[in-house]
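An overview of the molecular structure
Single-letter residue listing:
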Number of protein chains: 2
Amino acid sequence: MEALDRRIVQLLAGDGRMSYTDLGRSTGLSTSAVHQRVRRLEERGVIRGYRAVVDYEEARIPVTALISITPFDPAAPDDVPDRLRHIPAIDSCFSVAGEESYVLKVRVSGPGELEDLLAAVRAAANVTTRTTVVLSTPWEDRSPLSSAPEETAELAPTAADVTSTDRVP
Amino acid sequence: MEALDRRIVQLLAGDGRMSYTDLGRSTGLSTSAVHQRVRRLEERGVIRGYRAVVDYEEARIPVTALISITPFDPAAPDDVPDRLRHIPAIDSCFSVAGEESYVLKVRVSGPGELEDLLAAVRAAANVTTRTTVVLSTPWEDRSPLSSAPEETAELAPTAADVTSTDRVP
DNA sequence: CGTGAAAGTTAGAACTA
DNA sequence: TAGTTCTAACTTTCACG
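Residues numbered from 1 in each chain as written. Chains lettered and ligands numbered in written order. Predicted model: local features only at pLDDT ≥ 70, side-chain atom pairs only at ≥ 80, totals over all residues. Heavy atoms only, no water.

In the annotation of an unreviewed UniProt entry, the entry for chain A reads Lrp/AsnC family transcriptional regulator, and the organism field reads Luteipulveratus flavus.

Encoded structure:
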């Protein structure tokens, strides 16, 4: 991805409603040139959509928790995400390396709902759970694009890249 | 928060660039009535902003990890978030109940950068770390406001580069 | 909360390097 | 292929009923 595209993505990650006029001003391009690039970024899937950032305390869903999941029967086929997808309180689902198989981030309105949610998760996916309640959130979903590498990294992998086995773009 | 406001927040959480015209159509209000409500929601802080949803694999930041943090000196004043805030790769920071004090969600371009990041975190905040690498992300940042969840287009799983280890302290 | 008009934005066609 | 300029259609914004 080119520097100009990266800049556009970074700007839209920071303010998803920025107008093409302002994007053009910030990048030195014309309005339609930016528009064209944004459309290509959307088509390529680099930009997947736009969302309002909601303050869940204000929206009266004040409890966040992280739930680590271990399948009860390690021999059974692992379709945990499919079995959990219908539960709206599950904000994110990560498949992870480690003792446990998945980590869920959930949001509920209180301890009672958390209890119900845990029961629902265990029943739906036949798993055991380990729950970590979030006490406060200093920040969340900040856009980490400024740490992105330039295109040179592809041609010259570092020692650390080589020692790990799987594909690292 | 009123049902109409909740509906508006829900719609904007699903599509942050929806026009006021369409919001009005979907809620049965006029354009300006919706506009007025959205502005109030923004002022009250229920809607904190808008962001583009970025596919981090496409953007060449393909590695996600969860880092649990324990302060090295329990007697020292706890200003860990302030000490970490300047590191851009840290996407989210949660203060949590449990054995550990914080959980960070980070995004990096590869194992080498993860190694550097862990060193930076330990040095900046005087903490020990326990790292869980994310292998894939069945979904992320779904909006949990809905009782009738509009499933957004399926998120592309993020393949990461991990052999079998989970603890990288 | 709705109406309507001015100001601003977007989308796309035609053109250029 | 990627950029610019031009223009019609649409959206946002705001004073007023």
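Once that is clear, we can look at the layout of surface pockets. Within this model, the largest pocket holds a volume of roughly 920 Å³. Every element with two or more residues in the lining of the largest pocket is listed here: strand 1 (47–54), strand 2 (63–71), strand 4 (102–108) and strand 5 (127–139) of chain A together with strand 1 (47–54) of chain B. Ranked by residues supplied to the lining of the largest pocket, first place goes to strand 1 of chain B with 7 residues. Per-class residue counts for the lining of the largest pocket are 17 nonpolar, 10 polar and 18 charged. Approximately 470 Å³ is the volume found for the second largest pocket. In terms of lining residues, the second largest pocket is bounded by 24 residues, among which S68(A), R130(A), S68(B), E100(B) and R130(B) are the most central. Residue assignment for the lining of the second largest pocket shows that the elements contributing at least two residues are strand 2 and strand 5 of chain A together with strand 2 (63–71) and strand 5 (127–139) of chain B. (1 Å grid on protein atoms, 1.4 Å probe; cavity = no way out; pocket = protein on both sides within 12 Å on 5 of 7 lines; lining within 4 Å. Points joined across faces, edges and corners; volume = space filled by probe spheres on them. Helix = DSSP H or I, 4+ residues; strand = E, 2+ residues; numbered from the N terminus. Nonpolar A, V, L, I, M, F, W, Y, C, P; charged D, E, K, R; others polar.)

Turning to the protein's contact with DNA strand C, a few remarks are in order. Inspection of the region around DNA strand C gives S19(A), Y20(A), T21(A), S32(A), H35(A), R39(A), R17(B), S30(B), S32(B), A33(B), Q36(B) and R37(B) as its neighbouring residues. Taken together, the sugar and phosphate atoms account for 71% of what DNA strand C places within 4 Å of the protein. Within the contact set of DNA strand C, a phosphate oxygen lies 2.8 Å away from a side-chain nitrogen or oxygen of S30(B). Of all the secondary-structure elements, those providing two or more residues to the surface near DNA strand C are helix 2 (20–27) and helix 3 (31–44) of chain A together with helix 3 (31–44) of chain B. By residue number, the principal contributor to the surface near DNA strand C is helix 3 of chain B, which donates 4 residues. Taken together, the residues of the surface near DNA strand C sort by class into 2 nonpolar, 7 polar and 3 charged. (Near = heavy atom within 4 Å. Polar contact = N/O pair within 3.5 Å; in protein donor to acceptor, adjacent residues only side chain to side chain.)

The next thing to look at is the pattern of salt bridges. Scanning the entire structure with this criterion turns up 24 salt bridges over all chains. Across the pair R48(A) and D55(B) runs a salt bridge, and its minimum N-O distance is 3.2 Å. Placement of R48(A) in strand 1 and of D55(B) in the loop between strand 1 and strand 2 is noted, with the two residues assigned to different chains. Relative accessible area serves as the criterion here: at 32%, R48(A) is assigned to the partly exposed category. Note that R85(A) and D82(A) form a salt bridge whose closest N and O atoms lie 2.9 Å from each other. Residue classification places R85(A) among the partly exposed positions, given a relative accessible area of 23%. Using a relative accessible area of 55% as the deciding quantity, one classes D82(A) as exposed. Here the residues in one salt-bridge network are D91(A), K105(A), R107(A), E140(A) and D141(B), joined through shared partners. (Salt bridge = Lys/Arg side-chain N within 4 Å of Asp/Glu carboxyl O. Buried < 20%, exposed > 50% of the residue type's maximum accessible area, 1.4 Å probe, protein only.)

This part covers the environment of L84(A). Within the secondary structure layout, L84(A) lies in helix 4 (residues 80–84). With a relative accessible area of 0%, L84(A) lands in the buried category. The sequence separation of L84(A) and R51(A) amounts to 33 residues, and the corresponding C-alpha distance is 22 Å. The residues contacting L84(A), other than those within four sequence positions of it, are I69(A), I90(A), L104(A), V121(A), A124(A), A125(A) and W139(B). (Contact = heavy atoms within 4.5 Å.)

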